[in-house]
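# Overview (structure and organization)
Each chain, letter by letter, is given below.
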Amino acid sequence: MYSLKKKIYILGIDALPMWILKDLAKSGFSGFSKIMKNGKVASARSVVPPLTGFAWPSIYTGKEPKEHKANNFFVINKNYTLDITFYDPKRAKPFWEQLAEAGYKSLIITPPAVVKLPKSEKIDMITGFPLKQKTNSKELASLMKRYSFNEVEGIEKDIEGLHASLNQITKKLKENIRKKVKIAEYMINKHEYDLVFVCFSETDELGHFAMGKEWKRFMFPILREIDSFLAYLVKRVEEENSLLMLISDHGMQKIDYKFLITSWLIKKRFAYLKNIDIARSKKKKKGGEKLYVLRDYLLRSKLSYIYKLLPLSFKHYLMNFAEKFLVERQKEEYVKVYTSDLDMVKTKAFAFMTIDPVCEIFINDKRFVNGIVSSTDKERIKRELIRELKMAKDGKGNKLFQRVWDGKEFYGENKVFINPDIFAYARNNLTIDPIHYSETELFMKPEASRKGDHMLYGIFGFYPKRRINVKLKDFKITEFAPIVLKYELGKE
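Let me sum up the structure you'll find in this document. (Residues numbered from 1 in each chain as written. Predicted model: local features only at pLDDT ≥ 70, side-chain atom pairs only at ≥ 80, totals over all residues. Heavy atoms only, no water.)

Bringing the sheet that holds strand 14 (residues 358-363) into the picture now. Spatially, the four strands line up as an open sheet ordered 13-14-16-15, and their pairing is antiparallel. With one partner strand each, in any of the chains shown, strand 13 (349-351) and strand 15 (401-406) form the two edges of the open sheet. Neighbour-to-neighbour, the strand axes of the sheet open up by a mean angle of 20 degrees, direction not taken into account. Relative to strand 16 (residues 422-426), strand 14 runs antiparallel, the two sharing four bridges. Following the sheet pairing, Cys359 is matched in strand 16 by Ala424. (Pairing = 2+ DSSP bridges. Helix = DSSP H or I, 4+ residues; strand = E, 2+ residues; numbered from the N terminus. Axes fitted to C-alpha atoms, helices over the stretch in contact; angles between N-to-C directions.)

See the structure below:
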């Protein structure tokens, strides 16, 4: 018999939107079908921007990014270089640590953006994406060794570097999910947990590459593995009279085109390029963006800790060196540019070097070493840029952005990191690319790694439908942690 405490199973699925969930229910996925039929599911609004490093900590803590102060793995420094950062539980406690303090025991398997292991004996954990998995449990360590579950959940360097095909990656991720599920089921069957949280980030990683015409061919195999685990959890919930919850950090959509925001900013005279080689080349080069392979290695390896301790000046030198010798500048009519290629003596505003439907734009003010925008001019330039973004249209007269926000709306005056001044959310099936530049074009077809990209809305659901009373209209992911704590502890 299980203890008298209430029990929750949480299934986290990175980048799962309602449109895919409905398709799964119609396609014979038994677990998802049962949740849709006998549970309650609704769209859940993510944070802005809807990125893993921002969103999952908001799910864990119930707080907006300005409160938990977690950014999306990379932040920008005052000399325009990137720095590595992660969610720090000391700034805002996740729900499992709050439960541990109240005497509740949890099993947490691969939560994205969590790289620090908890010290509480009440929490058994395997850390998740983007670093190599670690555990605080000897039993989990033994299981990870038994199932060879020690691979980093990162595929970009393999596909972009042409080291693996999409079929091979799908097979690899499918096997990774099977290993994870075996470990989770073993621990669930052996121990009495008050809360079990198992998360799958494989859906996000594969989704960026697989959202073409044959997206089901690649996505369905890994979703079927997750569905089998979901069916297992549904059965346990029915036997125990417990609760099952589903949550995703944001959605995923097919991408038709990329909007070249840096080209647009240069055309509008908000930004200026240095003199770089923008000659055209008809030669198609094999291999992916080597700079991203280096960035990926720095992020995921033990070198990340060394890199973080380096002086800003040395980071700047390292990235300039990498960009000079590793960037494939010439690729048909487009050239790849980075912040080091912008003439910051003239540039008033620039986009952050992350491709996503929500673009982050910084005003080049006194926060930066070469900032030219004064405090008196900043608000004027920001208003002008927001107005231009709201009016931006494609060649057919269609607006490019659904929403444009002032960064203060989400972050206020955060002193921990240099925060974006503007967020611009693209229309459906469009993503924003600040890296590619063209003298003549503002759009380009997406490359392999951007066949799919994020959406602002993911999903939230629970089973059975009468187990909890939750208002689902306009649900936000920041409401998730308070619901978990209220159910378990019987208070807000």
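By the element assignment, Pro112 lies in the loop between strand 5 (106-109) and strand 6 (123-126). With 98 residues separating them along the chain, Pro112 and Asp14 place their C-alpha atoms 8.5 Å apart. Ignoring sequence-local partners within four residues, the contact set of Pro112 consists of Asp14, Thr52, Trp56, Tyr60, Phe129, Cys199 and Ser201. (Contact = heavy atoms within 4.5 Å.)

Before going further, it helps to examine the pattern of salt bridges. Taken as a whole, this structure holds 25 salt bridges when the rule is applied. Note that Lys93 is salt-bridged to Glu101, the shortest N-O span being 2.3 Å. You can call Lys93 partly exposed: its relative accessible area is 38%. Accessibility expressed as a relative area gives 57% for Glu101, which makes it exposed. The partner of Lys268 in a salt bridge is Glu388, with the nearest N and O atoms 3.4 Å apart. With Lys268 in the loop between helix 11 (261-267) and helix 12 (290-300) and Glu388 in helix 15 (residues 375-391), this pair connects stretches of sequence that are 120 residues apart. Of the residues examined, Lys268 reaches a relative accessible area of 38% and is grouped as partly exposed. Sharing partners across several salt bridges, the network here consists of Asp365, Arg367, Lys378 and Asp421. (Salt bridge = Lys/Arg side-chain N within 4 Å of Asp/Glu carboxyl O. Buried < 20%, exposed > 50% of the residue type's maximum accessible area, 1.4 Å probe, protein only.)

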